[in-house]
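# Chains, contacts and geometry: an overview
Okay, here's what each chain looks like letter by letter:
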Amino acid sequence: MRHRVVRVLPYSPEQLFQLVGDVERYPDFVPWVTSLSVRNPRTEGEGISILDAEAGVGFSFVKEKFATRVRRDAKTNDIIVTLLWGPFRRLLNHWRFEPSAGGCQVVFEIDFEFKSRLLDMMLAANFARAVDKLIGCFEARAQALYPSGGPPPLEGEELPGSSPLGGSTGRRPG
């Protein structure tokens, strides 16, 4: 299954790159991400960081774990996510954040297939809606972090809801 979403949001590309690239925070604002741990953070070159993320997800009666490799390129404001292991036959996400007259054009592309035909069929009926809901989670998070659409935090400055060490506080909002 493939899907592409393009939206213009009133934030800078750097703000949205930082928000989406902060995968450790996903359990705080993406309701179906029940756990997330990061392993092997490393740099590949100037502005390029890579990490492996293991996520637990839950949708009603379906609970799964999977691992991805996340490549963040701050120079081009691109984030590419590829499958390491899990219930997918294939998984590829690509986020692009480009300057736009209205702030930032966000381009999100996802291509995946479950190993299980049953899971594939269950999701196929609601796939576009699920992707829209995911994008909505990121939009709501951006609004909470950057209510005025202002400049991104300075280096070393704490984001609202984050711990001083840059990791997750482990608490869900609410």
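This section reports on the structure supplied with the text. Keep in mind it's a predicted model, so treat the numbers as computed, not measured.

Rules used in this analysis
- Residues numbered from 1 in each chain as written.
- Predicted model: local features only at pLDDT ≥ 70, side-chain atom pairs only at ≥ 80, totals over all residues.
- Heavy atoms only, no water.
- Axes fitted to C-alpha atoms, helices over the stretch in contact; angles between N-to-C directions.
- Helix = DSSP H or I, 4+ residues; strand = E, 2+ residues; numbered from the N terminus.
- Left-handed = near helix turned anticlockwise from the far one by under 90°.
- Contact = heavy atoms within 4.5 Å.
- Nonpolar A, V, L, I, M, F, W, Y, C, P; charged D, E, K, R; others polar.
- Expected span 1.5 Å × (residues − 1).
- Buried < 20%, exposed > 50% of the residue type's maximum accessible area, 1.4 Å probe, protein only.
- Arc of directions from axis to C-beta.
- Salt bridge = Lys/Arg side-chain N within 4 Å of Asp/Glu carboxyl O.
- Phe/Tyr/Trp six-rings, centres within 6.5 Å; stacked < 30°, edge-to-face > 60°.
- Polar contact = N/O pair within 3.5 Å; in protein donor to acceptor, adjacent residues only side chain to side chain.
- Pairing = 2+ DSSP bridges.

## Description of the packing of helix α1 (residues 13-21) against helix α4 (residues 127-145)
Relative orientation of the contacting elements α1 and α4 amounts to 115°, with a least axis distance of 11 Å. Considering only the axes of α1 and α4, their crossing is right-handed. Along the contact surface, α1 presents Leu16, Leu19 and Val20, while α4 presents Phe138, Arg141, Ala142 and Leu145. Its residues placed into classes, the contact of α1 with α4 shows six nonpolar, no polar and one charged.

## A few points about α4
Taking 1.5 Å per residue, 19 residues should reach 27 Å; α4 reaches 27 Å between its end C-alpha atoms and fits that length. Residues of α4 that are buried include every one of Phe127, Val131, Leu134, Ile135, Cys137, Phe138, Arg141, Ala142 and Leu145, and no others. All buried residues of α4 fall inside an arc of 140° around its axis, so they share one side. The exposed set on the far side of α4, more than 90 degrees from its buried face, consists of Arg129, Lys133, Gln143 and Ala144. Elements in contact with the buried residues of α4: β1 (2-9), α1, α2 (26-29), β6 (88-100), β7 (103-114) and α3 (117-124).

## Section: the pattern of salt bridges
In this structure the tally under the stated criterion is 14 salt bridges. Here Asp28 makes a salt bridge to Arg25, at a shortest N to O gap of 2.8 Å. Between Arg90 and Asp111 there is a salt bridge whose closest N-O contact spans 3.0 Å. Of the two residues, Arg90 is situated in strand β6 and Asp111 in strand β7; the sequence distance between them amounts to 21 residues. Here Asp111 falls in the buried class, since its relative accessible area comes to 14%. The network of salt bridges with common partners includes Arg2, Arg89, Arg90, Asp111 and Glu113.

## Regarding the packing of aromatic side chains
In the structure shown here, the tally under the stated rule is 12 aromatic pairs. Note on Phe66 and Phe88: the rings are 5.3 Å apart at their centroids and 85° apart in plane angle, and the pair reads as edge-to-face. A residue pair is termed long-range when its members are at least 10 positions apart, and Phe66 in strand β4 (residues 62-73) and Phe88 in strand β6 qualify at 22 residues. Each of the two residues, Phe66 as well as Phe88, counts as buried. Residues Phe88 and Phe112 carry aromatic rings whose centres are separated by 5.6 Å and whose planes lie at 90° to one another, so their mutual orientation is edge-to-face.

## Side note on the side chain of His94
One can find His94 in strand β6. Polar contacts involving the side chain of His94 include one to the side chain of Asp78, which spans 3.2 Å.

## So, the pairing of strand β3 (residues 48-59)
Where burial is concerned, most of β3 is hidden: 10 out of the 12 residues are buried. Both strand β2 (residues 33-45) and β3 contribute to a ladder of nine bridges, which runs antiparallel. The residue of β3 that forms the bridge with Val38 is Ala53. Connecting β2 to the next strand, β3, in antiparallel fashion are two residues, including Gly47 with a positive phi near 80°. Here β3 hands over to β4 after two residues, with Ser60 in that stretch at a positive phi of 40°.

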